[in-house]
Amino acid sequence: MDNSLPPADELVLVDRELAQLDARRSQLLARRAWLIRVLHAPVASVALPPRPPVADSTPRSAQNVLLTLGGTLLTIAAIAFTLVSWGSMGIGGRAAVLSAVTAAALVAPVALLRRSLVSTAEAVAALGMVLMVLDAYALHRVALPETDGLGYAAVAAAVLAAAWTAYGSALSRLRVPLPVAVVAGQLPLPLGVLAAGGGSTAFAWAALVTAAADGAVMLWARPASVRITAVTGAVALGGWALLTGGLLSLTSPWDGAPLLLAGAAVTLYLAWRRPALAVAASAVAGLAAVTAVGGLLRAAVPADWAVPGYVLCGLATASVWWLRAGTAGTTSASAPASGAATRSGGSTADTAGARLPAGVRLGLGCAGAATTALGLVWALPPVAAGLLGPLARTTEVWSGEHAERALTSYPGTAVLVLAVAAAVLAALPRLWARCAALALAWALLTALPVSLGLPFAATLALQLLTSAAALWIAVRPGPATRGLRTTGAPGERSGTSGTEPGPGAPTPPVTAPSAAPSGPSAAGPSAAPAGGPGAPRPGWAPVRPRTQAPVIAPGTVLGWSAYAGGLASAVSAVALALDVRAATFLALGVVLGLCSAVAVLGVDARRVVSACGAVLAATGLVFAMAAAGGFEDHWTALALLLVPAATAALGTRAPRPVALAIEITGGAVGLLALGIAASRPAFLALALALGGVIAAATAVRPERRRFAAWTAAALFLAATWVRLAVWEVTTPEAYTLPVTVPALVVGFLRRRRDPEASSWTAYGPGLAATLLPSLFAAWTDPEWVRPLVLGVAALVVTLLGARFRLQALLVLGGTVLALDGLHELAPYVVQAVGALPRWLPPALAGLLLLAVGATYEQRLRDARRLRDRVARMR
């Protein structure tokens, strides 16, 4: 073996290669182990938290049932004793029995808790608390019978709540006393107010103070059961107080406003202290504050200005979120310098907004937004009347009369609500706010004629200007997107200028956690990968690219928003313009120009929709011109054919989607023209022929050749048939030959291009279109000319089929020839049979059967041979 290296150097090279192979094998084994773990990952067992030891010896469920039944029976017995057996004992005996039993029931849990019998202690303690209620009742019946019941109940509830609170605090392992004390604490103030003869306002204040106390318990109490009970009481009593305040704000604003504002302050404080309840509580506080201030404004302003006052209050409440949102983009970027900025005289509002919790800001913003939304709903009827009023026509077209105005008594301040809301939303640098501002601005312009009572000309001009402005924004949405904030990456705050990587951007590699580098460069060739023998190398960890949802450009969203409003205003303007002839031409011309401009300058589907709208506007203009000229229906139909002719001409220059859309719309207008011309068959034939000319001209274009050519042929054929019907031609060949001749020519050309094509596909439809109707006509024709000509034609077709081995020609021609010959020979056969003796036909039939039976096998082979030959034909 001749080597170019010395043996010592070659040995070093071989050892190095083997070491690299070992390292590669270790990498592959580690990768294999990781893949196996991923594919067959064992289900991790969930470690259950240790259960506390059961104090009693019996199972917990059975124990609870027994204790509940026992406590219930003892309670029933105590109630029965108090109500029934009370009168049979003296005052000393009564006091001794109740005191002894109550004291025993309250002291027994101490001994039971020492023995760890918690459930039993809770049952006995519950019995003791029931006995305390009975003691209070007995005390009222015996010692204080003349005391007012409600006042005594209020004092007793306060005493019991304090006693049970002390009892539950002393025996902290009992879970029942403290929640029951909270429940008892709900009664003293409301019952005291009712005992003092207070009205609904005083009762609402008592409920609000009790709800505030419940809030304090919720904030500072530790047991979850106590907090849940306090929250329930606060919601019930606080909700009653706020509802009462809301009703008072409608009838007596100065009585309801303090109650609502106090409730808002308490609720807002709870929202500040409890982030879990921040959104809901602050939303309630915001609604209460808006109701209070709005009620005061409603009492001070005229009735028409009541809703705008509430809307202003709602916007002021929502501004709490807006102030913070306005500075959110700069807060994170300039956090180190925020203190210096504040010391140097920064904005007090921004600093206060920064201190508000996010939940509080969100809740207040939702409350203000809800109020504003209700105000906008109140302002929508003039918008609906301005948009849909012209469509509900009550007068004749071009009569010069105008429909009566709707909503004449509706407050004119509705447009003010729309204007203020649009201005506020336009100031927000958010896409949804900008879209809403556009919609509100459009609604404002639509509602102005109704609210201000503008005359017909001003209303039409305003609607056309609204449509033009909206469509201009749809084509050029750039100015509407100025000031919008870009959405940052998932890890960034909204409002920063960071952007996510696009779909084609490289994804950073994901490495497995490792404390030390691994690989051949960090360790020897035989070193195992970091992380253990089964862990993959960092470079082997699979990289999962982040999926990114498609982002719609702000200009597209704003453009579509404005586009929808522009189209709606255009339709409403055209409907309104039908009152006056000149206004109709003006509106249709303006709409045609606007739609044509959007079709030329716009993008995406807006171009297609606008192109279709332009075709419809042109159709309306043709109708208007025909009506103005006094054209009859058939002349109007011919004039409408100008629309599909124009769309066919424009389709050669328009982009593909736009061209297809306008041609389809033009075809629909052409069908409308044919329907109008159907009352005059002669003009219908002319319209069909003109439509065939338009379709034939369209067929010159390669992309429309197949469909347009067939359409042109069908229209020309229909025109021919209608014209023949007008001439009262009843000969079927006059209708079928115009179909057969072109069909046979097309079939011949196809067979030349594709010799393997079936003759049934190439010639079958054309031959059947003439031979079959002519055959039916020949069977009912008493003359001899038609059967003779049909027989000769069928014979020629049959011979051509046999000569060129074409199955369709042979079968169709032979069948028609046989049936035609049978029809012609049938009378003579009948005469001949009638002249023969009666025994001769059966004899001839018998001889025929004998001949066939004698040569049956030969005839069968001939039939099979004939079938195979016909089957081999094309």
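Residues numbered from 1 in each chain as written. Predicted model: local features only at pLDDT ≥ 70, side-chain atom pairs only at ≥ 80, totals over all residues. Heavy atoms only, no water.

Caption draft 1: Broad picture of the overall build of the protein chain. Within the protein chain one finds 34 helices and 0 strands. Counting only residues that meet the buried cut, the protein chain has 36% of its 874 residues in that class. Counting contacts in the protein chain only where the partners sit at least 6 residues apart, residues at least 24 apart contribute 69% of the total. Put simply, the protein chain shows about 49,400 Å² of open surface, and 70% of that area lies on carbon and sulfur atoms. (Helix = DSSP H or I, 4+ residues; strand = E, 2+ residues; numbered from the N terminus. Buried < 20%, exposed > 50% of the residue type's maximum accessible area, 1.4 Å probe, protein only. Contact = heavy atoms within 4.5 Å. Areas by Shrake-Rupley, 256 points an atom, 1.4 Å probe, with all protein chains shown as cover.)

Caption draft 2: Spotlight on the state of the cysteines. Using the criterion set out here, one finds 0 disulfides in the structure. Considering cysteine sulfurs only, Cys-595 is the nearest to Cys-612, which forms no disulfide, with 9.9 Å between them. (Disulfide = S-S within 2.5 Å.)

Caption draft 3: The side chain of Ser-759, seen in detail. Relative to the helices and strands, Ser-759 is located in helix H29 (residues 759-762). Only 3.5 Å separates the side chain of Ser-759 from the backbone nitrogen of Gln-807, close enough to count as a polar contact. (Polar contact = N/O pair within 3.5 Å; in protein donor to acceptor, adjacent residues only side chain to side chain.)

Caption draft 4: Highlighting the packing of aromatic side chains. Evaluation of the coordinates by the stated rule reveals 5 aromatic pairs. The interplanar angle of 90° and the centroid separation of 5.7 Å between the aromatic rings of Trp-560 and Tyr-563 together place this pair among those described as edge-to-face. Taken together, the positions of Trp-560 and Tyr-563, both in helix H20 (residues 554-577) and 3 residues apart, correspond to about one turn of that helix. Relative accessible area serves as the criterion here: at 33%, Trp-560 is assigned to the partly exposed category. For Arg-803, the ring lying beneath its charged end belongs to Phe-804, and the centroid distance is 5.2 Å. (Phe/Tyr/Trp six-rings, centres within 6.5 Å; stacked < 30°, edge-to-face > 60°. Lys NZ or Arg CZ within 6 Å of the ring centre and 35° of its normal.)

Caption draft 5: Structural context of the pattern of salt bridges. Taken as a whole, this structure holds 4 salt bridges when the rule is applied. Arg-175 is the partner of Glu-122 in a salt bridge, and the nearest nitrogen-oxygen pair spans 2.8 Å. Of the two residues, Glu-122 is situated in helix H4 (residues 118-142) and Arg-175 in the loop between helix H5 (149-170) and helix H6 (177-184); the sequence distance between them amounts to 53 residues. A residue is classified by how much of its surface remains accessible, and Arg-175, at 56% relative accessible area, is exposed. Where Asp-604 meets Arg-606, a salt bridge forms, and the shortest distance between an N and an O atom there is 2.8 Å. Salt bridges sharing partners connect three or more residues here, namely Glu-733, Asp-781 and Arg-786. (Salt bridge = Lys/Arg side-chain N within 4 Å of Asp/Glu carboxyl O.)

Caption draft 6: Region of the structure containing the packing of helix H30 (residues 764-779) against helix H31 (residues 785-804). Where H30 contacts H31, the two axes come as close as 10 Å, and the packing angle between them is 145°. Both H30 and H31 take part in a crossing whose hand is left-handed. Contacts between H30 and H31 involve Leu-767, Leu-771, Ser-774, Leu-775, Ala-777 and Ala-778 on the former and, on the latter, Arg-786, Pro-787, Leu-790 and Val-797. For the contact of H30 with H31, the class distribution of residues is 8 nonpolar, 1 polar and 1 charged. (Axes fitted to C-alpha atoms, helices over the stretch in contact; angles between N-to-C directions. Left-handed = near helix turned anticlockwise from the far one by under 90°. Nonpolar A, V, L, I, M, F, W, Y, C, P; charged D, E, K, R; others polar.)

Caption draft 7: Region of interest: a nonpolar patch on the surface. On the surface, a cluster of nonpolar side chains totalling about 770 Å² of accessible area is made up of Trp-784, Val-785, Leu-788, Val-789, Val-792, Val-796, Leu-800 and Phe-804. For Val-789, the position within the fold is in helix H31. In this structure Val-789 comes out as exposed when scored by relative accessible area, which is 53%. (Patch = residues over 30% accessible without salt bridge, like charges linked within 9 Å, V, L, I, M, F, W, Y side chains within 5 Å.)

Caption draft 8: Representation of the environment of His-402 in the model. With respect to the helices and strands, His-402 occurs in the loop between helix H16 (380-388) and helix H17 (414-427). As for His-402 and Val-580, which are separated by 178 residues in sequence, their C-alpha atoms are 9.0 Å apart. The residues touching His-402, leaving out its near neighbours within four places in the chain, are Thr-395, Phe-456, Asp-579 and Val-580. A distance of 3.1 Å separates polar atoms of two side chains, one belonging to His-402 and the other to Asp-579.

Caption draft 9: Representation of helix H10 (residues 253-273) in the model. Taking 1.5 Å per residue, 21 residues should reach 30 Å; H10 reaches 30 Å between its end C-alpha atoms and fits that length. Turning to H10, its buried residues are Pro-253, Gly-256, Ala-257, Leu-259, Leu-260, Gly-263, Ala-264, Thr-267, Leu-270 and Ala-271. Looking at the buried residues of H10, the elements they touch are helix H8 (200-220), helix H9 (224-251), helix H11 (278-300) and helix H15 (358-378). (Expected span 1.5 Å × (residues − 1).)

Caption draft 10: Just the side chain of Ser-249, in detail. Relative to the helices and strands, Ser-249 is located in helix H9. Among residues more than four places away in sequence, those in contact with Ser-249 are Gly-256, Leu-260, Thr-291, Gly-295 and Arg-298.

Caption draft 11: Region of interest: the packing of H15 against H17. Contact pair H15 / H17: the axes reach a minimum separation of 9 Å and the direction vectors enclose 140°. Considered as vectors, H15 and H17 are oriented oblique to each other. The handedness of the crossing between H15 and H17 comes out as left-handed. For the pair H15 and H17, the contacting residues are Thr-372, Gly-375, Leu-376 and Trp-378 in the first and Ala-414, Val-417, Leu-418 and Ala-421 in the second. (Parallel < 35°, antiparallel > 145°, perpendicular 65-115°, else oblique.)

Caption draft 12: Representation of the confidence of the model for the protein chain. Summary statistics for the protein chain give a mean pLDDT of 80 and a share of 78% for residues scoring 70 or more. Contacts for the low-pLDDT stretch residues 52-60, under 50 throughout, to residues beyond four places or in other chains number 12 contacts. The model gives residues 325-351 a pLDDT under 50, and that stretch makes 18 contacts with residues more than four places away or in other chains. (pLDDT = per-residue confidence, 0-100.)

Caption draft 13: Geometry of H31. With 20 residues, H31 extends 29 Å from end C-alpha to end C-alpha; this agrees with the ideal 28 Å at 1.5 Å per step. Pro-787, Leu-790, Gly-791, Ala-794, Val-797, Thr-798 and Gly-801 are the residues of H31 that are buried. One side of H31 holds all its buried residues, which, seen down the axis, span an arc of 130°. Away from its buried face, by an angle of more than 90 degrees, H31 presents the exposed residues Val-789, Leu-799 and Arg-803. After H31 finishes, the residue Arg-805 shows a positive phi value of roughly 55°. (Arc of directions from axis to C-beta.)

Caption draft 14: Representation of unusual backbone geometry within the structure. Non-glycine residue Trp-398 carries a positive phi angle of around 60°. Within the secondary structure, Trp-398 sits in the loop between H16 and H17. Note on Trp-398: relative accessible area 23%, which makes it partly exposed. A positive phi is found at Leu-407, a non-glycine position, where the angle reads about 55°. With respect to the helices and strands, the residue Leu-407 is situated in the loop between H16 and H17. For Leu-407, a relative accessible area of 34% translates into the label partly exposed.

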